[in-house]
Amino acid sequence: MGRIAYVNGQYLAHGAASVHIEDRGYQFADAVYEVWALFDGRLADPDGHFTRLNRSLSELKIDPPMSREALTVVLKETVRRNRIREGLVYLQVSRGVAPRDHAFPSPDIAPSVVVTVSRVDRAATEARALRGVGVITQPENRWGRCDIKTVGLLPNVLAKQAARERGAVEAWFVDEMGLVTEGASSNAWIIDANGTLRTRDAQSNILRGVTRTTLIEILGLEGITLSEQPFSVEEAKAAKEAFITGAGSLVLPVVTIDGTPVGTGEPGPMASLLRRHYIKQAKASSI
Ligand code: PLP
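Keep in mind that this is a model prediction, so the values were computed, not measured.

(A) Examining the layout of surface pockets more closely. Estimates place the volume of the largest pocket at around 1,100 Å³. Lining the largest pocket are 49 residues, and of these Tyr33, Lys149, Ala184, Ser185 and Ser186 sit closest to its centre. With 5 residues, helix α5 (residues 154-165) is the largest single contributor of residues to the lining of the largest pocket. Of the residues in the lining of the largest pocket, the class split is 22 nonpolar, 17 polar and 10 charged. Both domains that furnish three or more residues to the lining of the largest pocket are identified here as domain 1 (4-120) and domain 2 (125-285).

(B) Expanded view of empty space enclosed by the protein. Per the stated rule, a full pass over the model turns up 1 cavity of 30 Å³ or more. The volume enclosed by the largest cavity comes to roughly 30 Å³. Lining the largest cavity are Thr125, Arg128, Gly248, Ser249, Leu250, Leu252 and Arg275. Those elements that provide at least two residues to the lining of the largest cavity are α4 (122-131) and β14 (250-257). Across the lining of the largest cavity, the residue classes break down as 2 nonpolar, 3 polar and 2 charged.

(C) Spotlight on the domain arrangement of the protein chain. Domain assignment breaks the protein chain into domain 1 (4-120) and domain 2 (125-285). Centre-to-centre, using C-alpha coordinates, domain 1 lies 26 Å away from domain 2. Contacts between the two partners involve 24 residues from domain 1, matched on the other side by 23 residues from domain 2. Summing both partners gives a buried area of about 1,900 Å² for domain 1 against domain 2, and 62% of it is carried by carbon and sulfur. The interface formed by domain 1 and domain 2 holds 2 salt bridges in total. For the pair domain 1 and domain 2, the number of links is 9 residue pairs in polar contact (both at pLDDT 80 or more).

The rules we used
Each chain carries its own residue numbering, running from 1 in the written order of its sequence. At least 70 in pLDDT is required for a residue's local features to be given in this predicted model, at least 80 for side-chain atom pairs to be given and counted, and no such filter applies to totals for whole chains, interfaces and linings, which use all residues. Only heavy atoms go into the side-chain values, all of them from the structure, while hydrogens and water stay out. Think of a 1 Å grid over just the protein atoms. A cavity is a set of points where a 1.4 Å probe fits yet cannot get out, a pocket is an open set with protein on both sides within 12 Å along at least five of seven lines, and lining residues have an atom within 4 Å of a point. Grid points are joined across faces, edges and corners, and a volume is the space filled by probe spheres set on the points. Put simply, DSSP marks the helices as runs of H or I at least four residues long and the strands as runs of E at least two long, and each gets a number from the N terminus on. When residue character is reported, Ala, Val, Leu, Ile, Met, Phe, Trp, Tyr, Cys and Pro are called nonpolar, Asp, Glu, Lys and Arg charged, and the others, Gly included, polar. Residue ranges assigned to each domain were obtained from an automatic or database domain assignment. We call two residues in contact whenever any of their non-hydrogen atoms come within 4.5 Å of each other. What counts as buried area is the accessible surface, traced by a 1.4 Å probe, that two parts surrender upon association, with contributions from both included. A pair is scored as a salt bridge if a Lys or Arg side-chain nitrogen falls within 4 Å of a carboxyl oxygen belonging to Asp or Glu. Contacts described as polar in this section are N or O atom pairs within 3.5 Å, which, within protein, must combine one atom able to donate a hydrogen with one able to accept it, while residues neighboring in sequence count only if both atoms come from side chains.

If you want it as structure tokens, here you go:
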């Protein structure tokens, strides 16, 4: 059975699904998105993603296209029709279709809603987590509102491609003070040379990752101290451990930064433990 996409009220064959050429997401990146990890056909961290979606929409003054309850039905129905149990659910909401003009169109224009589901090979991703991944660093060149999850991802695309060309999996953006902001599609964490678990605070122009928030809750329950302090590339290269978090990566050990091994050059024990904790919690909270 082929893949199915939801587009503005219809479930369509993935290959035939499309939005209009004057969709504002297509022309202006005037759109937001969310990604849920899917475990056993259920959406992980539902509250965090719905809450952030509503915040992103409200920051861009796009009306929510439907209630959370209705959206849940659409997401779950798209999952069901795709017959995918382990994967990722992608939702995009744009300001809608209107003649090209930078300023907002009439408020009567309905947002465009697209949902797709893709399969994840959990055995392959677990094997990758056991090996760990490399990251590279790139100068921060994104806009000042990275706290909004918009589809304006061109700097992230270029950074990710640079990572791929250098045999790495993720790129960490580095601000003008030499401090890591976040990854192109993940949040960045280290256990520094003093043994302190650190991730940048989420006020400072990074995406407040839902995986990050859930992991912080887990740390609280496990009595593990966290310092929400930015760290430099030098501190990261001298760290005992490093890892990234996101709906796609979950908690993924980082073993090299710009080719320099982190710690022993193997996935660290804390990163591996936190991955197990996170997956357990994500499965428990899934709907
Ligand atoms: N930072 C960026 C730039 C991202 O694109 C993502 C996820 O796509 C994250 C962080 C992690 O967010 P989450 O844990 O909600 O997936």
